[in-house]
Structure formats: structure tokens, C-alpha cells
Amino acid sequence: MKAVVITEFGGPEVLQVVEVSVPEIGATQVLVKVGAAGVNRPDVFQRKGNYPAPQGVPADIPGLEIAGYVVEIGSAVSSFRVGDRVMALVGGGGYAEYVVAEEGCCLPIPANVSFEHAASLPENVYTVWHNVFERGRLCAGEKFLVHGGSGGIGYTAIQLAKLFGAEVFTTVGSRRKVDFVRSLGVDHVVQYREADFAEVWKQEGIDVILDSIGGAYFDKNICLLNEEGRLVYINAVDGGQVSLNLFKVMQKRLVLTGSTLRARDMVFKGRLTQAIEKHVLPLIANGRFVTSVDRVFPYEQASEAHRYMEAGQHVGKIVLSFGVRL
Ligand SMILES: NC(=O)c1ccc[n+]([C@@H]2O[C@H](COP(=O)([O-])OP(=O)(O)OC[C@H]3O[C@@H](n4cnc5c(N)ncnc54)[C@H](OP(=O)(O)O)[C@@H]3O)[C@@H](O)[C@H]2O)c1
């Protein structure tokens, strides 16, 4: 089969299409003929050598989410059959014509959703569901802030928070991105290059914040939080070394938490898959959660897709297509 391989750590040009063996499945796994694979910021970090693949997945093929149809099932698989359309969260190896997925990390694709749109969902939906609703315990009527609202994580968090009844705040980098997040129903938006969000919202009292920026945002987030507020980290691109005034944590009874999805075990991911099937899949099937795919690149142009992501102009998701239909 053809796969997009990280030939060495470096710029987008190190991604090259290479002939490799079709992977073999285990008893609890399915083999998926890939129709499309989502492109995520962590793929860029992996390509640069800053985000190694966990054990048991191809170390040199990026890709954390795929959609396609099942061509083979393991002896213990009971929920899926050959021919079923599935989307899956995978530990790596997604930029390939065939991918092995755990049965417990597969979801059926609703009839109205294409492979390209389905492939844009798992990484963001799993990350947002766990961090915003399970760790952050966001409830209806609360105020929720997500930084970087126009990216894959951001637009997913905005929509789910709105659908579950929160008042939603976000930061974005341009006027075009303001229009995009407004179209998703966001209540308050700041262009972070034009204004200081901590100044603009200092009277608000935010209940839950999802942050991947860190650095100088950390103390601003702490100051914005309400009593009993929850601050959830999923990355810290501006730096993870921060200083914290513990008295603010005590005075406001704050919870500071965070997580990384990729390294978690199958028990955790299987439980999360069930929660998403119950709470989020119906919203995708009935069209209340709208997938936003900014651009689809043929998989042979994976380097271009990474260049496009690094340029930072995208709104919503970037996807690789393998030209498969079912
Ligand atoms: N922990 C986990 O399990 C996990 C899982 C998935 C992703 N992540 C992390 O989540 C982050 C988002 O991933 P993604 O795939 O959604 O990437 P993405 O599509 O590139 O989105 C990142 C967004 O952040 C915005 N941004 C950059 N600097 C900012 C700043 N100073 N203030 C506010 N917004 C800023 C960018 O847009 P602007 O042009 O508006 O700046 C962009 O829209 C990444 O850091 C990724 O590594 C973590």
C-alpha cells in the first residue's frame, strides 16, 4: 500500500509517499480501507521530531484519525462487519491506504456524512469531550472560554459547548476568523492581536477555560476564572514553565488540570468512545453539530497540507483524501 512517511524530522518536504506493507490486525482490531485522514497540529509536531509515536503504532507514518470502510475484522470483533463505514481514533499511521484500528476506538459514520467530513472528527471530538465535559465538568448556563476558536479543537469546543447550553467566549487571530466563530454561534470573541482578552473580559467570571497556548495566558486565565473555576490544558505552545500564585487557587477554590489523549490506554479510549457515541454522535447524525472542513488535499500532497496548517490561515479542519467512495 501507499503511505505518507516522515522520511526524517524537518519541514513539510520530509513527508513523502512510500510503498509499505499492509499492516496486520489482532483479535480486537479491524483493517480499514482509508477514504480520508484528518490533519492535526500534533502531526506537525511529530514531523518536526517533537511528538514521538507511542509504542505499537508506526513511528514514521503520522495521522491520528481516519474514516473509511472495514475490509477485515479480528476474531474477537463483534460490533463491526466487513463493508461497514467507520471513523476511528488511531495512535498513529493514519496517512495510509490501510490502517489498523481498535474496535473500541471505531464509531459508525452517519449516512449523511462523507469520509472527508468523518475523518475530521475523532481527534477533536475525543479531546474536547474529555477535557471540557469530563475534566472541566462544563454545565449548562456556565461561561466557557476556548483559546484559538477557529482551529480544529476550537471550533469543535465552541459548537459542543453551545449545544450543551454554555455561554461561549473565544480568542482568534483575524477578522475572517471572527466571522467564522460567530457563524458557529459564539457569544463573545476577541482578536487577540488587537486587544487583551483578560482586560476585555475581566468582569465576566469564566467557569471553564480550555487552553493550548500557556505562557503569558496562564496567569490571565487564572485571573479570569470564577470561584470553583476549572482550567484545562491540552498544550502550551507559548511555554509550559509558568508561575502560579497559590493564594489565588485557594481563594477561588480553582481546579487546574489537563491531559494528552494519544498515550492513553485502550480501556480509557474505549470508555470515551462509548460516551461520544451516546452524547455526540446523535448531534452529528442529526446535523446539529456541523463539521467544518476548510480544505481537502489529495494524500500525495500531504506536504502542502502541512504547509497550509503551519501558515495558520485555515478555519476548521484540513483533511487528506485517498479518493475512495462507498
Ligand atoms: N492534549 C491533547 O490530547 C490534544 C489533542 C489534540 C490537539 N491538542 C493541541 O490543541 C492545539 C490545537 O490543535 P488543532 O489541531 O486545533 O490546531 P489548529 O487547527 O492549528 O488550531 C490552533 C489555533 O490556535 C490559534 N492560536 C495560535 N496562537 C494563538 C494565541 N496566542 N491565542 C489564541 N489563539 C491562538 C490559531 O489561530 P489564529 O490564527 O487565530 O492564531 C489556530 O486556530 C494544538 O496545540 C494541539 O497540539 C492537544
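Described in the following lines is the structure provided in the data block. No experiment lies behind these values; they were computed from the predicted model shown. (Residues numbered from 1 in each chain as written. Predicted model: local features only at pLDDT ≥ 70, side-chain atom pairs only at ≥ 80, totals over all residues. Heavy atoms only, no water.)

Quick word on the layout of surface pockets
Taken as a whole, the largest pocket holds about 1200 Å³ of empty space. What lines the largest pocket is a set of 48 residues, among which R41, I153, S212, I213 and V237 lie closest to the centre. Those elements that provide at least two residues to the lining of the largest pocket are α1 (41–47), α3 (122–135), β8 (143–147), α4 (152–163), β9 (167–172), β11 (206–211) and β15 (317–321). Taken together, the residues of the lining of the largest pocket sort by class into 17 nonpolar, 23 polar and eight charged. (1 Å grid on protein atoms, 1.4 Å probe; cavity = no way out; pocket = protein on both sides within 12 Å on 5 of 7 lines; lining within 4 Å. Points joined across faces, edges and corners; volume = space filled by probe spheres on them. Helix = DSSP H or I, 4+ residues; strand = E, 2+ residues; numbered from the N terminus. Nonpolar A, V, L, I, M, F, W, Y, C, P; charged D, E, K, R; others polar.)

Side note on α3
One turn of the α-helix equals 3.6 residues, which is why residues spaced by three or four share an orientation. Compared with an ideal rise of 1.5 Å per residue, which puts 14 residues at 20 Å, α3 spans 18 Å between its outermost C-alpha atoms and is within 8% of the ideal. For α3, the buried fraction is high: 12 of the 14 residues fall into the buried class. Once α3 ends, the next one or two residues include R137, with phi positive near 50°. (Expected span 1.5 Å × (residues − 1). Buried < 20%, exposed > 50% of the residue type's maximum accessible area, 1.4 Å probe, protein only.)

Some thoughts on the site of the ligand
If you check the shell around the ligand, you find 27 residues, and the closest are R41, G173, K177, Y192 and Y217. Within the backbone of G151, a nitrogen or oxygen atom sits 3.3 Å from an oxygen atom of the ligand. The backbone of S259 places a nitrogen or oxygen atom 2.8 Å from a nitrogen atom of the ligand. Of all the cavities here, the one that holds the ligand is the largest pocket. For the shell around the ligand, the secondary structure elements donating two or more residues are α1, α3, α4 and β9. Among the elements that make up the shell around the ligand, the one with the highest residue count is α1 (three residues). A domain-level breakdown of the shell around the ligand finds at least three residues from each of domain 1 (2–121 + 262–321) and domain 2 (124–258). (Near = heavy atom within 4 Å. Polar contact = N/O pair within 3.5 Å; in protein donor to acceptor, adjacent residues only side chain to side chain. Sits in = over half its atoms within 2 Å of the grid points. Domains from an automatic or database assignment.)

Some words on the sheet that holds strand β12 (residues 225–233)
Pairing is parallel in the open sheet, where six strands are placed in the order β10-β9-β8-β11-β12-β13. Of all the strands in the sheet, the pair left with one neighbour each is β10 (188–191) and β13 (255–258). The average angle at which neighbouring strand axes cross in this sheet is 15°, direction not considered. With five bridges joining them, β11 and β12 adopt parallel strand pairing. Bridging across to β12, I209 finds its partner in L231. Across the sheet, α3 is in contact with β8, β11, β12 and β13; its angle to β13 comes to roughly 160°. The strands touched by helix α5 (residues 175–183) are β9 and β10; relative to β10, the strand with the most contacts, the crossing angle is about 165°. (Pairing = 2+ DSSP bridges. Axes fitted to C-alpha atoms, helices over the stretch in contact; angles between N-to-C directions. Contact = heavy atoms within 4.5 Å.)

What to know about the pairing of strand β5 (residues 85–89)
In terms of burial, β5 is a largely internal element, five of the five residues being buried. Where burial is concerned, the two faces of β5 agree: the one with R85, M87 and L89 and the one with V86 and A88 are both buried. Sheet topology note: the strand β4 (residues 65–73)/β5 ladder contains five bridges and is antiparallel. Its bridge partner being in β5, E65 is matched across the sheet by L89.

Considering the pattern of salt bridges
One pass over the structure, following the stated rule, counts 16 salt bridges. The salt bridge partner of E310 is R47, with a shortest N-O separation of 2.9 Å. Separated by 263 residues along the polypeptide, E310 in helix α11 (residues 302–311) and R47 in helix α1 bring together distant segments of the chain. With relative accessibility at 31%, the residue E310 sits in the partly exposed group. Measuring nitrogen to oxygen at the nearest pair gives 3.5 Å for the salt bridge that ties D219 to K248. With D219 in helix α7 (residues 217–224) and K248 in helix α8 (residues 246–252), this pair connects stretches of sequence that are 29 residues apart. With a relative accessible area of 35%, D219 lands in the partly exposed category. Given a relative accessible area of 22%, K248 falls into the partly exposed group. (Salt bridge = Lys/Arg side-chain N within 4 Å of Asp/Glu carboxyl O.)

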